[in-house]
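Commentary on secondary and tertiary structure
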Amino acid sequence: MSTSTPAGALRTTRTDTHELGTIEITVQDRDRTRPYLLLHGGAGLATMTVFADLLAERTRSRVLLPTHPGFGGTPKAAELTGVTDLARAYVAMLERYGLSDVTVVGNSFGGWLAAEIALQGSPRVSGAVIIDGIGIEVPGHPMTDLNGMSAAQIRTYSFHDPTRLPAPPSTADPGPSPDVLALIGYTGPAMTDPTLAERLGRLDLPVRVLWGESDRIVDPEYGKAYAAAIPGATFTLLPRTGHLPQLETPEELLDALLDLGDL
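One structure accompanies this document, and this report is about it. (Residues numbered from 1 in each chain as written. Predicted model: local features only at pLDDT ≥ 70, side-chain atom pairs only at ≥ 80, totals over all residues. Heavy atoms only, no water.)

What to know about unusual backbone geometry
A positive phi angle, close to 55 degrees, is found at R60, a residue other than glycine. Note on placement: R60 falls in the loop between α1 (49–59) and β5 (62–67). Among the residues examined, R60 registers a relative accessible area of 41% and is labelled partly exposed. Although it is not a glycine, R240 sits at a positive phi angle of roughly 55 degrees. Examined against the element boundaries, R240 turns out to sit in the loop between β9 (234–238) and α8 (245–248). For R240, a relative accessible area of 52% gives the class exposed. (Helix = DSSP H or I, 4+ residues; strand = E, 2+ residues; numbered from the N terminus. Buried < 20%, exposed > 50% of the residue type's maximum accessible area, 1.4 Å probe, protein only.)

See the structure below:
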């Protein structure tokens, strides 16, 4: 199933739903030339849509922006029990599209997912960009415990200047959002995998790690450890930016992404 809707002056965004066995994935497809697979984090698709438009328009690239199954009210197949399962589903999706030379770009949970996709060794994936990713364990620099936090509370940890955030609606549910619950369904309550850092040592493709200097979810030292775990990876610190650079400083994030050369 597919639909096309206006998404700016230069192109249309096509939305496709792919059925991969029992797994259903809905993808926004900004169709240009060079392909990017853009992966949102636990805060959901809305955190990536503006940056997806910016990336597609500025680089004339093809940008695929899926909604992770279970997020945004989408169905989640019972076989999707962890991040590696979802990574395999996305590799199968790239096969369905018939794409090659794909750069996978992910933020937060999407960064972890980008790493897992890279670890699948698909010849269709040529590089990965991890933006304020989660998933590894770093002694002395643990991820902030988000369990029990409301979406509004999580947002205050995610921006360089939380005072600039609009107040949450008075009718907002004070508990965890449905997307946070979907996130925990993949990651478990700890939102880490003790095996991930060691497995990252097997990666053999270009990987870049970009990090907000004011990230209070996973601090820059955590980001440096992420990069250190990956052979040949580079680390770039983004000034005046928190956990969600694509929302807070999208132009600066895009400049950093385009400075990566071989990606």
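A look at the environment of G72
Along the chain, the position of G72 falls in the loop between β5 and α2 (83–97). Along the chain, G72 and D179 lie 107 residues apart, while their C-alpha atoms are 6.6 Å from each other.

What about the nonpolar core?
Among the nonpolar cores identified, the biggest contains 60 residues, and L37, Y90, F109, I117, L200 and Y226 are the most heavily contacted of them. Looking at this core element by element, the count peaks at nine residues for α2. Non-local contacts of Y226, meaning those with residues more than four positions away in its chain, are made with G111, W112, I130, G133, I134, G135, I136, L196, L200, V209 and W211. Within the second largest apolar cluster, 20 residues are counted, among which are L45, V105, L210 and A256. (Core = buried A, V, L, I, M, F, W, Y, C linked by side-chain atoms within 4.5 Å. Contact = heavy atoms within 4.5 Å.)

Quick word on the pattern of salt bridges
For the structure shown, the criterion picks out eight salt bridges. A salt bridge links D16 to R14; its shortest N-O distance comes to 3.1 Å. Residue classification places D16 among the buried residues on the basis of a relative accessible area of 8%. Note that D193 is salt-bridged to R199, the shortest N-O span being 3.0 Å. An identical accessibility class is assigned to D193 and R199; each is buried. One salt-bridge network, held together by shared partners, links E116, D193 and R199. (Salt bridge = Lys/Arg side-chain N within 4 Å of Asp/Glu carboxyl O.)

Brief notes about the pairing of strand β8 (residues 207–212)
Extensive coverage of β8 is indicated by the burial of six of its six residues. What you see with β8 is no split at all: V207, V209 and W211 on one side and R208, L210 and G212 on the other are buried throughout. Note: strand β7 (residues 125–131) against β8, four bridges, orientation parallel. Note that in β8 the partner of I131 across the bridge is L210. In this sheet, β9 lies alongside β8 in parallel orientation, the contact comprising five bridges. Counted as the bridge partner of V209 is F235 from β9. (Pairing = 2+ DSSP bridges.)

Some details on helix α9 (residues 250–258)
Regarding α9, the residues found buried are L253, L254, A256 and L257. Buried residues of α9, viewed axially, fall in a sector of 160 degrees; they line one side. The inward-facing, buried residues of α9 abut α1, β6 (102–107), β7, β8, β9 and α8. (Arc of directions from axis to C-beta.)

Quick notes on helix α5 (residues 178–187)
Every buried residue of α5 is accounted for by D179, V180, A182, L183, Y186 and T187. Buried residues of α5, viewed axially, fall in a sector of 155 degrees; they line one side. In α5, those exposed residues whose orientation departs by more than 90 degrees from the buried face are P178 and L181.

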